[in-house]
Protein chains: 2
Amino acid sequence: MWAPVSWKALGLASLLLALGMESVVLLLAFAIRGRGRRRRPAAEVLFFPAPPTCTEALLRPSRPLPCACGLPHAESSLSRLMLRLLSTRESLELCLFSFSSPQLARTVLLLHRRGVRVRLIADSDYMAVKGSQVGMLRKAGIAVRHDQHSGYMHHKFAVVDKTIIITGSLNWTTQAIQTNRENILILEDAAVVKAFIKEFESIWQEYDPTNYEFFPAKK
Amino acid sequence: MWAPVSWKALGLASLLLALGMESVVLLLAFAIRGRGRRRRPAAEVLFFPAPPTCTEALLRPSRPLPCACGLPHAESSLSRLMLRLLSTRESLELCLFSFSSPQLARTVLLLHRRGVRVRLIADSDYMAVKGSQVGMLRKAGIAVRHDQHSGYMHHKFAVVDKTIIITGSLNWTTQAIQTNRENILILEDAAVVKAFIKEFESIWQEYDPTNYEFFPAKK
C-alpha cells in the first residue's frame, strides 16, 4: 500500500510546496518592510516660545562663521523650522496671516535666490503693518497675492516641494516665536498635503490681481 | 542508495516544513493587515469660512426637532468639527487662545454633562473679552486654567480621548468660523498626540492656581 514511489512523489511535492511557501514568506516580508517605510508618517511637532538662538550658520552656509553675536548656537524650534524650509528644492507655497520674522524672511529669500519657486499669500491688513517682510519679499521678485476682504486670511501654513505640510498656530513673527505658546506640525501625508495644496491654489486664483476691485463701480 | 526510508523521511520533513511555512505566511499576512490598520493615519482637514448652518440636531439629540430657524441644515466644516468633539467618551483637553463660539461652547458643555472629563487652558487676556465663553464653562464646573504672562497662550488645539489631535489656525470664535480663511487638521497619530498631551500637561502644571502671583512681592 505504501509504495516507495508514493513517498518519492510526496517528498518532491512537499519540497516544492515548502520552497513555494518560502518565496511567499520572503515576498510578504518585503511587503511589510516596504509598507512600513511607505506609510510611516514623517511627523514632527515643534512648540514655542523658542529661546533666541543664532541662526547665521543656517542662513550663510557659504560663510560658516564662528559667529560673534553672543547668542547661543543651540538647536531650537525656530532652527528646526528653518531647516525644514531650507530643505526645499523646487517649490514653496506660503499662506501666512502675519509675516514679520526677519530670520524666516531671510530663509525664504535664500530659497528664492536658489531658484525655488516661492509663492506667498498674505493678509491685506497685516502685510502692511510695521515690520512686515512681505514688501521686501515682493521687491525681491517673489510672487505675492492678498485678499481684499473684511475677513482675515488667517492661515499659517507652508507646503514644501508639494510633499510636506507645515501648519499650526504660529504666525511668522518674532513676538510669536519668542514670547507666545505656539505649535507647528510638520507632516508628510499625501492626502493632507493634497488638501492644503487645493486650498492654496483656490485662494491663489481668487486673489488674482486681475480680479481686484479697489474702485468698485457705483450702483 | 535511494532507500524508500529516505524518501519517507524527506517527505515527512518537507511536509512539516511546508506546514511551518504556512503558519509563518498566515502570521505575516495578519501582521500586514494589523500594521496597515494600526498605521493608517485617520486624517481629516477642514477649511473655513463655513457658511452658517443649523447645528441644533447635533446639540439636542434627544429632541431631534425639525428646527424652524431658517438656516440650512447641511453639513459644514463647523458641524464636522462638532461631530468630532461629540465623539469624545472619556477626556477632552482644550488649549484655546480665544473661545467665544456659542455653538462650540454648547458642544463642550454637553460633553461635560455627559461625564467627559473636560479641562480647558485659556489665554488670560482673551478669556475676559466680551462674548468669551470661558466664564460660563467655568461656572458650569469645568476646570479652567490660564496664564499670567505677557505673551499669548496662542495654541488652538484639542485632544479627544487621548487619541485624536485637533489643531490648526482656527480660534473658536464665530468671526473666525464664518468670516476668516482658516484650517483645522484632525489627526489620529499616536506620536503627534503624545507630543500635544505632553505640552498640555506641562502648561496645566505651570498654570496651577497655587502658583499665581497676582501681587508679587516688591524687591
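Here we summarise the structure given alongside this text. This is a predicted model, so every value here is computed, not measured. (Residues numbered from 1 in each chain as written. Chains lettered and ligands numbered in written order. Predicted model: local features only at pLDDT ≥ 70, side-chain atom pairs only at ≥ 80, totals over all residues. Heavy atoms only, no water.)

1. Focus on the sheet that holds strand S3 (residues 117-122) of chain B
One key point about sheets: their strands pair by backbone hydrogen bonds, in either a parallel or an antiparallel sense. Residues and elements named next belong to chain B. Taking strand neighbours across the sheet as the criterion, the seven strands line up as S1-S7-S6-S5-S2-S3-S4 in an open arrangement whose pairing is mixed. Both edges of this open sheet fall to strand S1 (44-48) and strand S4 (143-146), since each of them pairs with a single strand only. This sheet shows a mean twist of 15° between the axes of neighbouring strands, independent of strand direction. (Pairing = 2+ DSSP bridges. Helix = DSSP H or I, 4+ residues; strand = E, 2+ residues; numbered from the N terminus. Axes fitted to C-alpha atoms, helices over the stretch in contact; angles between N-to-C directions.)

2. A word on the sheet that holds strand S7 (residues 182-187) of chain A
Residue and element names in this part refer to chain A. Overall, mixed pairing links the seven strands, which are arranged S1-S7-S6-S5-S2-S3-S4 in an open sheet. Only two strands of the sheet have a single partner each, and these edge strands are strand S1 (44-48) and strand S4 (143-146). On average, each strand axis in the sheet is tilted by 15° relative to the strand beside it, whichever way the strands run. The pairing of strand S3 (residues 117-122) with S4 spans four bridges and is parallel.

3. Side note on the pattern of salt bridges
Summed over all chains, the structure comprises 20 salt bridges over all chains. Between Glu199 of chain B and Arg181 of chain A there is a salt bridge, with the nearest N and O atoms lying 3.5 Å from each other. Pair noted here: Glu199 of chain B is in helix H7 (residues 190-206) and Arg181 of chain A is in the loop between helix H6 (174-179) and S7, and the two residues belong to different chains. Accessibility classification places Glu199 of chain B together with Arg181 of chain A in one group, the buried group. Its salt-bridge partner being Glu206 of chain B, residue Arg181 of chain A comes within 2.2 Å of it at the nearest N-O pair. Taken together, the residues Arg181 of chain A in the loop between H6 and S7 and Glu206 of chain B in helix H7 connect one chain to another. Take Arg181 of chain A: its relative accessible area is 13%, and that puts it in the buried class. Judged by relative accessible area, which is 36%, Glu206 of chain B ranks as partly exposed. (Salt bridge = Lys/Arg side-chain N within 4 Å of Asp/Glu carboxyl O. Buried < 20%, exposed > 50% of the residue type's maximum accessible area, 1.4 Å probe, protein only.)

4. Observations regarding the packing of aromatic side chains
Across all of its chains, the model carries 14 aromatic pairs over all chains by this definition. Summarising the aromatic geometry, the rings of Phe47 of chain A and Phe196 of chain B are spaced 5.3 Å apart at their centres and angled 80° between planes, so their arrangement reads as edge-to-face. You can see Phe47 of chain A sitting in strand S1 and its partner Phe196 of chain B sitting in helix H7, one on each of two chains. A residue is classified by how much of its surface remains accessible, and Phe196 of chain B, at 0% relative accessible area, is buried. Between Phe97 of chain A and Tyr152 of chain A, the aromatic rings sit 5.1 Å apart at their centres with planes inclined by 70°, giving edge-to-face as the arrangement. With a gap of 55 residues between them, Phe97 of chain A in the loop between strand S2 (91-96) and helix H4 (102-113) and Tyr152 of chain A in the loop between S4 and strand S5 (156-160) connect regions that are remote in the sequence. One aromatic cluster is present, formed by Phe47 of chain A together with Phe157 and Phe196 of chain B through successive ring pairs. Just above the ring of Trp204 of chain A sits the side chain of Arg119 of chain A; from NZ or CZ to the centre is 5.2 Å. (Phe/Tyr/Trp six-rings, centres within 6.5 Å; stacked < 30°, edge-to-face > 60°. Lys NZ or Arg CZ within 6 Å of the ring centre and 35° of its normal.)

These values are about where atoms sit, not about what they do.
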